[in-house]
Amino acid sequence: MLARKSIIPEEFGLAGLVSRIPRKPVFRDRVNKARFIAKNGSCNLAHKNIREQGRFLQDVFTTLVDLKWRFTLVIFTTTFVSSWLLFAMSWWLVAFAHGDLDPRSQNGAHCVTDVKSFTSAFLFSIEVQVTIGFGGRMITEQCPAAITVLIMQNIVGLIINAVMLGCIFMKTAQSNRRAETLIFSRHAVIAVRNNRLCFMIRIGDLRKSMIIGATIRLQVVRKTTTPEGEVIPIHQIDVQTETAVASNNLFLLAPLIICHVIDKNSPMYDLSAMELQCSDLEVIAILEGVVETTGITTQARTSYVSEEIQWGHRFVPIVTEEEGVYSVDYSKFGNTVKVSTPRCSARELDEKPSILIQTLQKSELSHQNSLRKRNSMRRNNSMRKVASSGNLRRNNSGLNSNKVQFFTPVEGGHSLNAVT
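Engineer: How should helix H4 (residues 69–98) be read in this particular structure?
Structural biologist: Side chains that are three or four residues apart share a direction in an α-helix, a result of its 3.6 residues per turn. Compared with an ideal rise of 1.5 Å per residue, which puts 30 residues at 44 Å, H4 spans 44 Å between its outermost C-alpha atoms and is within 8% of the ideal. On its buried face, H4 sits against helix H3 (60–66), helix H5 (118–129) and helix H6 (144–172). Just downstream of H4 lies Gly 99, where phi reads positive at about 85°.

Engineer: Quick question: what am I supposed to make of H6 here?
Structural biologist: If you check H6, its first and last C-alpha atoms are 42 Å apart, about what 29 residues at 1.5 Å a residue would give, namely 42 Å. Here H6 has its buried residues at Ala 146, Val 149, Gln 153, Gly 157, Ile 160, Met 164, Gly 166, Cys 167 and Lys 171.

Engineer: How should I be thinking about the layout of surface pockets in this particular structure?
Structural biologist: Regions of empty space are outlined by a rolling probe, equal in size to a water molecule, passed over the atoms. In this structure, the largest pocket encloses a volume near 510 Å³. Together, 20 residues line the largest pocket, and Asn 40, Gly 41, Asn 176, Gln 299 and Arg 301 are the ones closest to its centre. Where the lining of the largest pocket is concerned, the elements lending two or more residues are helix H7 (175–178), strand E1 (182–184) and strand E8 (297–305). Broken down by element, the lining of the largest pocket gets its largest block of residues, six residues, from E8. Residues that form the lining of the largest pocket fall into these classes: six nonpolar, 10 polar and four charged. Counted as a void, the second largest pocket has a volume near 260 Å³. Surrounding the second largest pocket, 13 residues form its lining, Asp 205, Leu 253, Ala 254, Val 328 and Tyr 330 being those nearest its centre.

Engineer: Explanation requested: a negative patch on the surface in the structure shown.
Structural biologist: The grouping of Glu 275, Glu 348, Asp 350 and Glu 351 at the surface amounts to a negative patch. Among the elements that line the negative patch, the one with the most residues is helix H10 (residues 346–351), at three residues. Position of Glu 351 relative to the elements: it lies in helix H10. Residue Glu 351 is classed as exposed on the basis of its relative accessible area, which comes to 55%.

Engineer: Looking at this model, I keep getting lost on the side chain of His 313. Mind explaining?
Structural biologist: Topologically, His 313 is positioned in strand E10 (residues 313–315). Among the polar contacts made by the side chain of His 313, one reaches the main-chain carbonyl oxygen of Trp 311 at a distance of 3.3 Å.

Engineer: Before we go on, may I ask you to explain the pattern of salt bridges in this structure?
Structural biologist: Proximity of charged atoms lets side chains of opposite charge pair with each other. Overall, the coordinates contain five salt bridges when judged by the stated rule. Measuring nitrogen to oxygen at the nearest pair gives 3.6 Å for the salt bridge that ties Glu 288 to Arg 217. Linking Glu 288 in strand E7 (residues 282–291) with Arg 217 in strand E4 (residues 211–225), this pair joins segments that are 71 residues apart in sequence. Here Asp 270 ties to Arg 347 by a salt bridge, and the two come within 2.4 Å at their closest N and O atoms. Of this pair, Asp 270 sits in the loop between strand E6 (256–261) and helix H9 (273–278) while Arg 347 sits in helix H10; the two residues are 77 residues apart in sequence, bridging distant segments of the chain. On the basis of relative accessibility, which here comes to 42%, the residue Asp 270 falls in the partly exposed class. Bridged by salt links that share partners, the residues Arg 35, Lys 39 and Glu 308 form one connected network.

Engineer: I would appreciate a short explanation of the state of the cysteines in the present structure.
Structural biologist: Here, the word disulfide means a covalent bond between the sulfur atoms of two cysteines. Evaluation of the coordinates by the stated rule reveals one disulfide. Covalently, Cys 111 is tied to Cys 143 through a disulfide, its sulfur atoms 1.6 Å apart. Taking the torsion about the sulfur-sulfur bond, which here is approximately -65°, the covalent link between Cys 111 and Cys 143 counts as left-handed. Note that Cys 111 is positioned in the loop between H4 and H5 and Cys 143 in the loop between H5 and H6, a separation of 32 residues in sequence. With respect to burial, Cys 111 and Cys 143 carry one shared label: buried.

Engineer: Just to check I follow, could you spell out the sheet that holds E4 for this structure?
Structural biologist: Two modes of strand pairing occur in sheets, parallel and antiparallel, and in both the strands are linked by backbone hydrogen bonds. Read from one edge of the open sheet, four strands run E5-E4-E7-E8, paired in antiparallel fashion. The sheet terminates laterally at strand E5 (231–239) and E8, the two strands that pair on one side only. Neighbour to neighbour, the strand axes of the sheet diverge by 25° on average, direction disregarded. With nine bridges joining them, E4 and E7 adopt antiparallel strand pairing.

Engineer: Whenever I open this one, the environment of Ile 203 confuses me. Can you help?
Structural biologist: Examined against the element boundaries, Ile 203 turns out to sit in strand E3 (residues 196–205). The buried category is assigned to Ile 203, whose relative accessible area is 0%. Excluding residues within four positions of it along the chain, Ile 203 makes contact with Ile 183, Phe 184, Leu 250, Leu 252, Pro 255, Leu 256, Ile 258, Leu 287 and Phe 333.

Engineer: Which parts of the structure should I look at to understand the confidence of the model for the chain?
Structural biologist: Detail in the predicted coordinates should be disregarded across regions flagged by low pLDDT. Mean pLDDT over the chain works out to 78, with 78% of the residues at or above the 70 mark. A low-confidence stretch, residues 1–12 (pLDDT under 50), is modelled with six contacts involving residues beyond four sequence positions or located in other chains. Contacts of residues 401–408 to residues separated by more than four positions or lying in other chains number 14 contacts, the stretch itself having pLDDT below 50.

Engineer: Mind showing me how you'd approach the side chain of Glu 282 here?
Structural biologist: With respect to the helices, strands and loops of the structure, Glu 282 is situated in strand E7. Among the residues examined, Glu 282 registers a relative accessible area of 0% and is labelled buried. Here the side chain of Glu 282 touches Ile 37 through a polar contact of 3.1 Å, landing on its backbone nitrogen. A distance of 3.3 Å separates a polar atom in the side chain of Glu 282 from a polar atom in the side chain of Ser 303.

About the thresholds
Residues numbered from 1 in each chain as written. Predicted model: local features only at pLDDT ≥ 70, side-chain atom pairs only at ≥ 80, totals over all residues. Heavy atoms only, no water. Helix = DSSP H or I, 4+ residues; strand = E, 2+ residues; numbered from the N terminus. Expected span 1.5 Å × (residues − 1). Contact = heavy atoms within 4.5 Å. Buried < 20%, exposed > 50% of the residue type's maximum accessible area, 1.4 Å probe, protein only. 1 Å grid on protein atoms, 1.4 Å probe; cavity = no way out; pocket = protein on both sides within 12 Å on 5 of 7 lines; lining within 4 Å. Points joined across faces, edges and corners; volume = space filled by probe spheres on them. Nonpolar A, V, L, I, M, F, W, Y, C, P; charged D, E, K, R; others polar. Patch = residues over 30% accessible without salt bridge, like charges linked within 9 Å, V, L, I, M, F, W, Y side chains within 5 Å. Areas by Shrake-Rupley, 256 points an atom, 1.4 Å probe, with all protein chains shown as cover. Salt bridge = Lys/Arg side-chain N within 4 Å of Asp/Glu carboxyl O. Lys, Arg positive; Asp, Glu negative; His and termini not counted. Charge placed at Lys NZ, Arg CZ, Asp CG, Glu CD. Polar contact = N/O pair within 3.5 Å; in protein donor to acceptor, adjacent residues only side chain to side chain. Disulfide = S-S within 2.5 Å. Pairing = 2+ DSSP bridges. Axes fitted to C-alpha atoms, helices over the stretch in contact; angles between N-to-C directions. pLDDT = per-residue confidence, 0-100.

Here it is as structure tokens:
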């Protein structure tokens, strides 16, 4: 059976009319890419399928330092208790072999005095290893085996103390603890500086003790494909900064703005404001230096993804001079302000310098218009104030001019005198 045809042509039907409606382009959000370096500086990298696990045991000290505190404390306690128990067993065997544990023994010369059970042997083991003597138990010169065990326990105890205390000291004095007071701005900005498009971040040190020989490095991490078809998931590209060109070290006395000029050698040379939001770009900032008080090299890291890069912004100044002293307001450390910046890439700016000139002219005109509006508003407010004050004066003068007249009759006549 054939389908029934409609009287209305198909192109004028509901489906045809809907198909003719121009659709707006749909911009899908970029899939959130896992960042290589977290904001706190930790590396977002997981090591899997490591077959040679024995390599970690070859460097026991570094392995203990890298462990978390709870595991370190468990190992610390277990090591000491195990050594005390081990040598307590040795002292008990020495006393048992010599016959000191037999109450019927008439031999008055004991290897260790007052060691009559395993508990007393354990207490004597603790006294020997931690060099605490209570005066009740002590070794005698009757047993060479006891002297040998004493020497071995002293040597083993010194080794355990050196390793464990050194591990605890290194964990408390790690360089990343000092890096907690080295701060980076939450966002990076891109704006025009000295007629060039620049990528800028702000760094600072919260402590008064300085970082000696501080250096800053910027790297761009992105997924690239070589002309041969090789895919490099983590391609690290070094980025040059103005401070690195002038000198190799930073004088990090006050917060500094690190500037990278986006030129032909920059990996961001072809990125515009729109392309930056859609790219998988990640900029890593690495600050290194030597701690002035301890002499330990420290390193602070952070990263900026495309969502954390503000195009057309600039950092506000935070250093002011108050009564002959320079003060830093860290409450405005990450604050930015909008500035007129071309939305095109640095390549287009180099090819068409007129874009930058037009942008600057527009910003100057907008600035002048804003000043005019402010001046006009101030004039209007001042005129309103003058008019309101004039009306008040008129009202007051009108009130003063109104006089009440009183007429008094004169004796012997009909005339009246007005008294005000």
